[in-house]
Amino acid sequence: MKKLMMICMVVVLYIVPVVNANTIESSSMHFQGALTDNGDGAHSGVLRMLDEAAEGIGDGVSGYDIYAKEGDAAWFGDVQSDPVWSSVTIADHDAWSDWNPDTPDWYQYSLSFYAEDGQQKWAVRNHPGATEDHPWYDTDFWGTEKPAMGVPMSGLMSWCLLYATETGTGAYLPGTGIPEIAGGAAEHGGGPGAWDMDWSWGSEAVPLELPGFLVEIEGMGGGEFKVTLTPALPSEVWVDDDFDSSTQGWGITHFDNIQDALDSVGDGDTIIVKPGEYSGVTVTKAVEIRGEGGVVINDGPAYSRFITGFYFRDGAGNGTTISHLSFETVDLAIYSRDTDDVTIEYCTMSSPVQGITNWNGDGWNINHNVISGLRTSNGGGLGIFIGTRDEEGRTANNNLISHNKVTGEVVVPQEEIDAYDDLPPYPEAGYSVAGICLMSDRRSGRPAGPITENRILKNKVAISSNNPRNHPAEGIALSDLGLDEDPPVPDIADNKVAFNDVRGVTGESSVPIALSPAEVAENNEIERNLGYDIPNYGEGFEVYPSLLAPFGPPE
């Protein structure tokens, strides 16, 4: 079939899992009718909803499902009721227990396209009173088309992206009726991202699970087109701090901040960030966040007294990729607790307290990052850290750290240096700073977990310390506190540290590769590292880097 010439690109459907009786097929809306090219990139026209059973399309059942947000509340209001407002918990992505699975009044709905302020808009309209025998467009029966009185869904549409969002608030069309509870739906969970309507009989507000729609357009000949709206999230969105409400796709696929972009996508989707300065986010989905030249992250979620760039916690964000971003002035550029399979690549991090921190995470890929000018804050001074602590059974296995550079002088603030003036030098007082560190942390007295099958390969570490007396520099540090237990518990084992260049680790008491205790060398493969003095296994150093413990912000 012929496609509309206005289509600019193909959008891949975001696949949503089947949820009991409700499916994407039963939640898609199919319309057909004539569209007119307005000549300004927008189209106008009113399309009738198709009977899926008669047309043999969709799920083959008359009507469609409202793809409501599972577990949320749908609200219904009627001034004749007591109480006026009541709610029902949405189960199976359907607020309508009486209709299983479809809402059958296809004959009452139309899809209107129109332009406003230079933007393509759409509205699903209701024509109350129409029946299956006499649909709203049965002009022989009604004398004219039965007028639309309600707009339960409306929003913006991007023809280029073939994607639409529900951004409107349902209401009567001007001059077509008086709602019983004016504005009631908007006050009870309606508004953007909801099926909402203030009818003559009352109001309803149903939050949508996916407040966006993939748009499919099929030319039927004779100036008619078939348009299908399928619940979906965009697979790719863009962030630019110069975007605003005049930007094509604003609020749909184009945003001025990363948080709104993250809210608009699902697992497996991509957020492309254009040059500018941005705040990072708490990552809650498995997404790709990719910068395109000159992207600076200089703020983000709070973690205790620190500011993070991107924060992961409790498995949220498993499978995320973050790349081509620059982190400046944030304390903890990437900070994670209990999240697996994260990729961090081609990022730069300037003056962090800790660059990349992975507590209790498996399968990370940390490659081609540049971390410079580390600093301490009564702890930290770590470029890349992988460790376990506090939860028995948690692991940090199968992580790859490769082709990264950690460089520059680690800066200990003067007030911290002064605090050590009356104390003995390291290792009796103070802590080391490190470019790359593996650590099983049992300092709290609770068990840590295995750190195995990790690979630290082909990295370059060239750091020094401005206070080597109490904060000496270590290039690559492996600290297995389990070996201090009685009997010893080898947490750090079967890891490979090879082909790294640690020749640039300089200064008093600095150690290119520090192993604590010395027995760590017996449990791991450490070989062919430039600048590594073979006899230097860290004997005599029963200490370890001081890192920021993962206690986190209040729940």
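Scroll up a little and you will see the structure.
Since the structure is predicted, the reported quantities are computational estimates derived from the model, not experimental observations.

What counts and what doesn't
Residues numbered from 1 in each chain as written. Predicted model: local features only at pLDDT ≥ 70, side-chain atom pairs only at ≥ 80, totals over all residues. Heavy atoms only, no water. Helix = DSSP H or I, 4+ residues; strand = E, 2+ residues; numbered from the N terminus. Contact = heavy atoms within 4.5 Å. Areas by Shrake-Rupley, 256 points an atom, 1.4 Å probe, with all protein chains shown as cover. Lys, Arg positive; Asp, Glu negative; His and termini not counted. Charge placed at Lys NZ, Arg CZ, Asp CG, Glu CD. Pairing = 2+ DSSP bridges. Axes fitted to C-alpha atoms, helices over the stretch in contact; angles between N-to-C directions. 1 Å grid on protein atoms, 1.4 Å probe; cavity = no way out; pocket = protein on both sides within 12 Å on 5 of 7 lines; lining within 4 Å. Points joined across faces, edges and corners; volume = space filled by probe spheres on them. Phe/Tyr/Trp six-rings, centres within 6.5 Å; stacked < 30°, edge-to-face > 60°. Buried < 20%, exposed > 50% of the residue type's maximum accessible area, 1.4 Å probe, protein only.

## Comments concerning the overall build of the protein chain
Point 1. Helix and strand counts for the protein chain stand at seven helices and 41 strands.
Point 2. If one aligns the C-alpha atoms of the protein chain with their principal axes, the spans along those axes are about 95 × 50 × 40 Å.
Point 3. Considering only intrachain contacts with a sequence separation of at least 6, the fraction spanning at least 24 residues in the protein chain is 63%.
Point 4. Carbon together with sulfur atoms contributes 49% to the accessible area of the protein chain, which is approximately 22300 Å² in total.
Point 5. Each charge class in the protein chain can be summarised by its mean position, and for the 28 positive and 85 negative side chains these summaries are 8 Å apart.

## Some details on the sheet that holds strand E41 (residues 525–527)
Point 1. With respect to topology, 11 strands assemble into an open sheet ordered E15-E14-E16-E18-E22-E25-E28-E31-E35-E39-E41, the strand pairing being parallel. Two strands in the sheet have a free side with no partner beyond their single neighbour: strand E15 (254–255) and E41.
Point 2. Pairing geometry for strand E25 (residues 343–345) and strand E28 (residues 365–367), over three bridges, is parallel. Note that in E28 the partner of Glu-345 across the bridge is Asn-367.

## What about the environment of Leu-47?
Point 1. Structurally, Leu-47 is set in strand E3 (residues 43–49).
Point 2. For the pair formed by Leu-47 and Gln-354, sequence separation is 307 residues and the distance between their alpha carbons is 57 Å.
Point 3. Dropping the residues within four chain positions of it, Leu-47 is found in contact with Phe-31, Gln-32, Gly-33, Ala-34, Leu-35, Ser-110, Leu-111, Phe-113, Trp-136, Phe-225 and Val-227.

## Here we look at the sheet that holds strand E26 (residues 348–350)
Point 1. Spatial strand order, E17-E19-E23-E26-E29-E32-E36: seven strands in an open sheet with parallel pairing. Both outer strands of the open sheet, strand E17 (276–279) and strand E36 (460–465), are each paired with one neighbouring strand and no more. Pairwise comparison of adjacent strand axes, ignoring direction, gives a mean angle of 15° for this sheet.
Point 2. Pairing analysis gives three bridges linking E26 to strand E29 (residues 370–372), with the strands arranged parallel. If you follow Thr-348 over to E29, its bridge partner there is Val-370.

## Side note on the layout of surface pockets
Point 1. Estimates place the volume of the largest pocket at around 290 Å³.
Point 2. What lines the largest pocket is a set of 17 residues, and nearest its centre among them are Asp-105, Gln-108, Tyr-109, Trp-199 and Glu-204.

## Here we look at the packing of aromatic side chains
Geometry of an aromatic ring pair is reported as the spacing of the ring centres plus the angle between the planes.
Point 1. With the rule as written, the count across this model stands at 14 aromatic pairs.
Point 2. Considering the side-chain rings of Trp-106 and Tyr-107, the 5.4 Å spacing of their centres and the 75° angle between planes classify their relative orientation as edge-to-face. Tyr-107 matches Trp-106 in its accessibility class, with the two residues each being buried.
Point 3. Seen from their ring centres, Tyr-303 and Tyr-311 are 5.6 Å apart, and the 65° between their planes marks the pair as edge-to-face. Here the two residues Tyr-303 and Tyr-311 agree in accessibility, since each one is buried.
Point 4. Each member of the aromatic cluster is reached from another via a ring pair, and the members are Tyr-64, Tyr-109 and Trp-195.

## Quick look at the pairing of E17
Point 1. Judged by which residues are buried, E17 turns out to be one-sided: Gly-276 and Tyr-278 face inward and are buried, whereas Glu-277 and Ser-279, on the alternate face, are not.
Point 2. For E17 and strand E19 (residues 295–299), the ladder comprises four bridges, and the chain directions are parallel. Counterpart to Tyr-278 in the pairing with E19 is Ile-297.

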